[in-house]
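A look at the structure
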Amino acid sequence: QVQLVESGGGLVQAGGSLRLSCATSGSIVSIYDMGWYRQAPGKQRELVALITSGGRANYADSVEGRFKISRDNAKRQVSLQMNSLNPVDTAVYYCYARIWARTTVTSSDYWGQGTQVTVSS
């Protein structure tokens, strides 16, 4: 069974930095897009950053220039370096991956359990 497990969330002061990591496990044929979404209280889940298997990255306008997504295809991991954090970045951050698992005939979307990021003013 495919699983995504995030780590690295926590509490940080405004202007600080955090690094989120997401590890995949299970019987996997291939991993396509990987990324990060976030959901703040009372708001819909939104895309933060996405990276293709070839390394092309896209960012939400609100994080462009402050966050950097990267992936290690050999380790099947994705990370998000978050700099210049401010209170509006407070949310639960979810790891996402489009994965073709050996037990399926096609790829599917997989999500981590989420990790809390809280930025204090």
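It should be noted that the structure appears before, not after, this text.
Residues numbered from 1 in each chain as written. Predicted model: local features only at pLDDT ≥ 70, side-chain atom pairs only at ≥ 80, totals over all residues. Heavy atoms only, no water.

Below, the discussion takes up the overall build of the protein chain. If you tally the helices and strands in the protein chain, you get 0 helices and 11 strands. Helices and strands appear in the protein chain in the N-to-C order β-β-β-β-β-β-β-β-β-β-β. Expressed along its principal axes, the backbone C-alpha trace of the protein chain runs to roughly 45 × 25 × 20 Å. Buried residues in the protein chain amount to 40% of all 121 residues. Taking contacts inside the protein chain between residues at least 6 apart in sequence as the whole, the part at least 24 apart equals 57%. Of the roughly 6500 Å² that the protein chain leaves accessible, carbon and sulfur atoms contribute 47%. Where the 12 positive side-chain charges of the protein chain centre and where its 8 negative ones centre are 6 Å apart. (Helix = DSSP H or I, 4+ residues; strand = E, 2+ residues; numbered from the N terminus. Buried < 20%, exposed > 50% of the residue type's maximum accessible area, 1.4 Å probe, protein only. Contact = heavy atoms within 4.5 Å. Areas by Shrake-Rupley, 256 points an atom, 1.4 Å probe, with all protein chains shown as cover. Lys, Arg positive; Asp, Glu negative; His and termini not counted. Charge placed at Lys NZ, Arg CZ, Asp CG, Glu CD.)

Here the focus is a nonpolar patch on the surface. Among the surface-exposed residues, Val29, Tyr32 and Trp100 lie close enough to one another that they form a single nonpolar patch of about 230 Å² accessible area. Take Tyr32: it is sitting in strand E4 (residues 28-39). On the basis of relative accessibility, which here comes to 33%, the residue Tyr32 falls in the partly exposed class. (Patch = residues over 30% accessible without salt bridge, like charges linked within 9 Å, V, L, I, M, F, W, Y side chains within 5 Å. Salt bridge = Lys/Arg side-chain N within 4 Å of Asp/Glu carboxyl O.)

Turning our attention to the environment of Thr104. Structurally, Thr104 can be placed in the loop between strand E9 (91-101) and strand E10 (108-111). The exposure class assigned to Thr104 is partly exposed, which follows from its relative accessible area of 29%. A sequence separation of 75 residues divides Thr104 from Val29, and the C-alpha atoms of the two residues are 9.5 Å apart.

So, on to the side chain of Thr115. Locating Thr115 in the fold gives a position in strand E11 (residues 115-120). Given a relative accessible area of 12%, Thr115 falls into the buried group. Here Gly9 takes part through its backbone nitrogen, which lies 3.4 Å from a polar atom of the side chain of Thr115. Residue contacts for Thr115: discarding those within four places in its chain leaves Glu6, Gly9, Leu20, Ala91, Val92 and Tyr93. (Polar contact = N/O pair within 3.5 Å; in protein donor to acceptor, adjacent residues only side chain to side chain.)

It is worth spelling out the state of the cysteines at this point. In the structure shown here, the tally under the stated rule is 1 disulfide. The side chain of Cys22 participates in a disulfide bridge whose partner is Cys95; the two sulfur atoms lie 2.1 Å from each other. As the torsion about the S-S bond is roughly -85°, the Cys22-Cys95 disulfide counts as left-handed. Pair noted here: Cys22 is in strand E3 (residues 18-25) and Cys95 is in strand E9, with a separation of 73 residues, a long-range link. (Disulfide = S-S within 2.5 Å.)

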